Amino acid sequence: MSESNQTNQWIQLAGAVIAGAALSYLLQSTTRRKSDSKAPLEEAKKPRKNSLGEGLDLSKERTFTMRKIEKLKEGSSKFIEGLTNLSEVAISRVPHLAETHDCDVYTSPLLGDASQRDIAGKGTTGFLPDEAFSSVKKFVLSGKSYQCYEDIARELKFLRAGPRKQIFWNPKEVKAAIVTCGGLCPGLNVVIRELVMTLWFNYGVKDIFGVKWGYQGFHKASNIIKLTPKIVKRIHNEGGTFLGSSRGGFDEKVIIDICKEKGINHLYIIGGDGTHRGIYKLYEYATENKERISICGIPKTIDNDIPLIDKSFGFDTAVAVAEQIISCANNEAESAEFGVGMVKLMGRDSGEIAAAAAQASRDVNICLIPESPFEVEGEYGLCETVCQRIISKNHCTIVVAEGADDAIIDANLAKEGKADAGGHVKHADIGTYLKNKIVAYAKENYDINITLKYIDPTYTIRSVSANAGDTIICTKLAQNSVHAAMAGYTGFSIGTVKDTTAIIPIKSINNSAKRKMDLNERTWQRVIASTGQPQMVCPENMEKITEKVQEYALEKQKKHQKLIEEQVVMSEVILEAFDTQENAEGDEENDS
Ligand SMILES: Nc1ncnc2c1ncn2[C@@H]1O[C@H](COP(=O)(O)OP(=O)(O)O)[C@@H](O)[C@H]1O
Ligand SMILES: O=P(O)(O)OC[C@H]1O[C@](O)(COP(=O)(O)O)[C@@H](O)[C@@H]1O
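Residues numbered from 1 in each chain as written. Chains lettered and ligands numbered in written order. Predicted model: local features only at pLDDT ≥ 70, side-chain atom pairs only at ≥ 80, totals over all residues. Heavy atoms only, no water.

S.K.: Looking at this structure, how should I read the side chain of T228?
M.R.: Checked against the element boundaries, T228 lands in the loop between β9 (224-226) and α6 (229-232). Judged by relative accessible area, which is 19%, T228 ranks as buried. Those residues in contact with T228 that sit more than four places away from it in its chain are V196 and W200. (Helix = DSSP H or I, 4+ residues; strand = E, 2+ residues; numbered from the N terminus. Buried < 20%, exposed > 50% of the residue type's maximum accessible area, 1.4 Å probe, protein only. Contact = heavy atoms within 4.5 Å.)

Here it is in structure tokens:
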């Protein structure tokens, strides 16, 4: 058979399977809609008594005992091995409290009729129609582009975030705590505010606490303070974090013990990769000890180095501020004879901010990041490149990431003493080092007196308040965190994946390669296209560099592949119990 005939047959076969799957899905969803349309909608029409969550009239729908759950679990962790059935979609499994605890199922208080809503806060709180809820069958694809159906079937997929119609927690029994860890990032206060508002106004949760000073705050009960909408109402206009933050002080036993003591059963932890390693330990400890608590991570970092998500909140704001500062540095450079402007930006291991700011600015001539090796001296090095530009164009604007000393081939900058409380070794001040080198090299080799203005705005750009775009991202993340925790998920993080909010298992974030600039990808290629900078490395070293780049790409690919292989058919996991009315009916039959 010719290759094209084979391809045609494959396309026809795939088409038939998809059509079958679509038909079966349509049939399923019609039946589901029919049976769903009874109970919850009728219930939604009943005027609810609650005013701002007071006396919330939550009807318990059904109860799941471990016996029923065990039954539902049978055959649940089915791994996808090949493209056998396109109607079955394997996705990254998010832990759910129903897997380890008996539970009641409640109808979400968000279900209701917006036309009956009273803006003054009396009347119903429910405002979402039936169709607005997400379900365990909806997923978000993590890849960018595909060549065939097989690629799609095998790609990493995450549960779509959003409100669930059936929830695990009775909101009246929820006690939530919020904590911020690690370095600052624009938008932290927006997330805190929105978590409080969603819990309070949408779910009627009135016991909300803030934990001061990051993980270490849990060591002292007096650091746990009450939060209300009145307290957090204005904080979104401020940078920093209302709760304070820190590095260090993590102890899973201390944290879970104090949560138990205070009755806290929802824990929202805003932090970066270090924080997420802590969240996973907390989740494991809570599960081992059968603690009934939803633990949720909200990824935060100005470095934008958290894998799997599109970008972390605050990143755009930081880039916008950095862009203005680069413009000032460029003005300085252009206003002096032999002028150089140099701006240092954050990025301990990743050049994301530097690369994004360089692209946003259009004035940058050289962008130095930890991922792209360069030489400082010698015929091909940075100093020579700056001199050539000064001679031909009279000025040069440089952006350097704080971790770019790791990329220097011909020198080894000593790190600044011991590690910080979070275990990170501080980088030496690369800006001052490069400034001295460039000025001395120009004088020595070309007898040029360079005027170099070095600006270090690193803390300035991460401590401002969030811009409009980041405020929207923070709002989405916070609202969806509450929806997912209310649904009973735990050990998860909320992130935007290909522009859609997804529930990502913490394990997947921790087991992925840390996000770094991939020199083979288009982002970096766009940077060098706009700066015009050469590869500042002598030809003999090029091979070593290519190997290093490939090493990272391979590590990333391997870890990604492992996550794909671990995916399961979520719809078969017990969570289906939370998803369809038919199950409720089936369960009652099984029980009797
Ligand atoms: N492997 C780990 N296990 C438990 N906690 C950790 C781990 N790594 C870091 N942490 C804790 O997470 C918090 C923030 O970590 P850090 O790495 O400084 O910032 P970020 O979370 O923003 O990356 C600190 O309190 C730190 O002690
Ligand atoms: O001086 P601090 O507060 O420890 O912060 C410095 C570090 O914070 C960072 O912005 C990263 O912070 P996170 O790891 O908390 O996201 C790094 O770029 C920088 O090295």
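S.K.: Can you help me understand the site of ligand 1 in this one?
M.R.: Taken together, the neighbourhood of ligand 1 is formed by 14 residues, with R247, D273, T275, K300 and H424 sitting nearest. In this structure, an oxygen atom belonging to ligand 1 sits 3.2 Å away from a main-chain N or O atom of G274. Summarising the interface, the protein chains cover 88% of the accessible area of ligand 1, which totals 540 Å² for the free molecule. Judged by the proximity of its atoms to the pocket grid, ligand 1 belongs to the second largest pocket. The residue makeup of the shell around ligand 1, split by class, is two nonpolar, seven polar and five charged. (Near = heavy atom within 4 Å. Polar contact = N/O pair within 3.5 Å; in protein donor to acceptor, adjacent residues only side chain to side chain. Areas by Shrake-Rupley, 256 points an atom, 1.4 Å probe, with all protein chains shown as cover. 1 Å grid on protein atoms, 1.4 Å probe; cavity = no way out; pocket = protein on both sides within 12 Å on 5 of 7 lines; lining within 4 Å. Sits in = over half its atoms within 2 Å of the grid points. Nonpolar A, V, L, I, M, F, W, Y, C, P; charged D, E, K, R; others polar.)

S.K.: Is there a simple way to think about the packing of aromatic side chains in this case?
M.R.: The relation between two aromatic rings is expressed through the spacing of the ring centres and the mutual angle of the planes. Across all of its chains, the model carries three aromatic pairs by this definition. Pairing F168 with W169 gives two aromatic rings, centres 5.2 Å apart and planes at 75°, and the pair type is edge-to-face. Relative accessible area serves as the criterion here: at 1%, F168 is assigned to the buried category. Residue W169 is classed as buried on the basis of its relative accessible area of 5%. Ring geometry for Y215 and F250: centres 4.8 Å apart, planes at 70°, overall edge-to-face. Of this pair, Y215 sits in the loop between β8 (207-211) and β9 while F250 sits in the loop between α6 and α7 (252-262), placing them 35 residues apart in sequence. (Phe/Tyr/Trp six-rings, centres within 6.5 Å; stacked < 30°, edge-to-face > 60°.)

S.K.: Got a minute to help me understand helix α16 (residues 522-531) in this structure?
M.R.: For an α-helix, the turn length of 3.6 residues means that residues three or four places apart are oriented alike. Considered for burial, the residues of α16 that qualify are W524, V527 and T531. Axial view of α16: buried residues confined to an arc of 55°, hence all on one face. Facing away from the buried surface of α16 by more than 90 degrees, the exposed residues are R522 and A529. Those residues of α16 that are buried are in contact with α10 (352-361) and β13 (366-368). The positive-phi residue at the C-terminal boundary of α16 is G532, with phi of around 80°. (Arc of directions from axis to C-beta.)

S.K.: Explanation requested: the site of ligand 2 in the structure shown.
M.R.: Residues in contact with ligand 2 amount to 14 residues; listed here are only the nearest, G183, T301, E402, Y459 and R462. Between ligand 2 and G347 there is a distance of 3.3 Å, counted from an oxygen atom to a backbone nitrogen or oxygen. K426 is positioned such that a nitrogen or oxygen atom in its side chain is 2.9 Å from an oxygen atom of ligand 2. The protein chains hide 87% of the 480 Å² of surface that ligand 2 would expose on its own. When atom positions are compared with the pocket grids, ligand 2 is found to occupy the second largest pocket. Here the residues of the shell around ligand 2 are counted per class, giving three nonpolar, four polar and seven charged.

S.K.: I keep staring at helix α17 (residues 539-565) and nothing clicks. Help me out?
M.R.: Over its 27 residues, α17 extends 40 Å from the first C-alpha to the last, a length consistent with the 39 Å expected when each residue adds 1.5 Å. Residues of α17 that are buried include every one of N541, I545, V549, Y552, L563 and I564, and no others. Buried positions along α17 lie against α4 (149-154) and α15 (506-510). (Expected span 1.5 Å × (residues − 1).)

S.K.: In this structure, what is going on with the pairing of strand β16 (residues 492-497)? I would like to understand it.
M.R.: Looking along a regular strand, one sees the side chains alternate between the two faces of the sheet. Taking burial as the measure, the six residues of β16 include six buried ones, the bulk of the element. Burial along β16 is two-sided: the residues F492, I494 and T496 and S493, G495 and V497 are all buried. Bridge count between strand β11 (residues 294-299) and β16: two bridges; the pairing is parallel. Following the sheet pairing, G297 is matched in β16 by S493. Looking at chain direction, β16 and strand β17 (residues 500-505) are connected through six bridges and run antiparallel. Considered in β17, the bridge of F492 is made with P505. In this structure, the hairpin formed by β16 and β17 is closed by a connection of two residues, where K498 is found at a positive phi of approximately 50°. (Pairing = 2+ DSSP bridges.)

S.K.: Sorry, what's going on with the UniProt feature "domain: Phosphofructokinase" (unreviewed entry) in the chain here?
M.R.: The UniProt feature table records "domain: Phosphofructokinase" (unreviewed entry) at residues 176-484. Split by type, residues 176-484 is 41% helix and 15% strand. Its first and last C-alpha atoms lie 13 Å apart. (UniProt positions renumbered as here; feature names shortened; annotations may be inferred.)

S.K.: Is there a simple way to explain empty space enclosed by the protein in this structure?
M.R.: To find leftover empty space, a probe the size of one water molecule is rolled over the atoms. Tallying each qualifying case throughout the model produces one cavity of 30 Å³ or more. Its volume calculated, the largest cavity comes out at about 50 Å³. Counting only elements with at least two residues in the lining of the largest cavity, the list comes to α14 (468-487) and β16. Residue contributions to the lining of the largest cavity peak at three residues, all from β16. Grouping the constituent residues of the lining of the largest cavity by class yields six nonpolar, three polar and one charged. (Points joined across faces, edges and corners; volume = space filled by probe spheres on them.)

S.K.: Explanation requested: unusual backbone geometry in the structure shown.
M.R.: When glycine is set aside, most residues are seen to have a negative phi, and most peptide bonds are trans. Even without a glycine there, the phi angle at W213 is positive, about 65°. In this fold, W213 is placed in the loop between β8 and β9. Among the residues examined, W213 registers a relative accessible area of 41% and is labelled partly exposed. Of note in the backbone geometry, R362 takes a positive phi value of approximately 70° without being a glycine. Of note, R362 is situated in the loop between α10 and β13.

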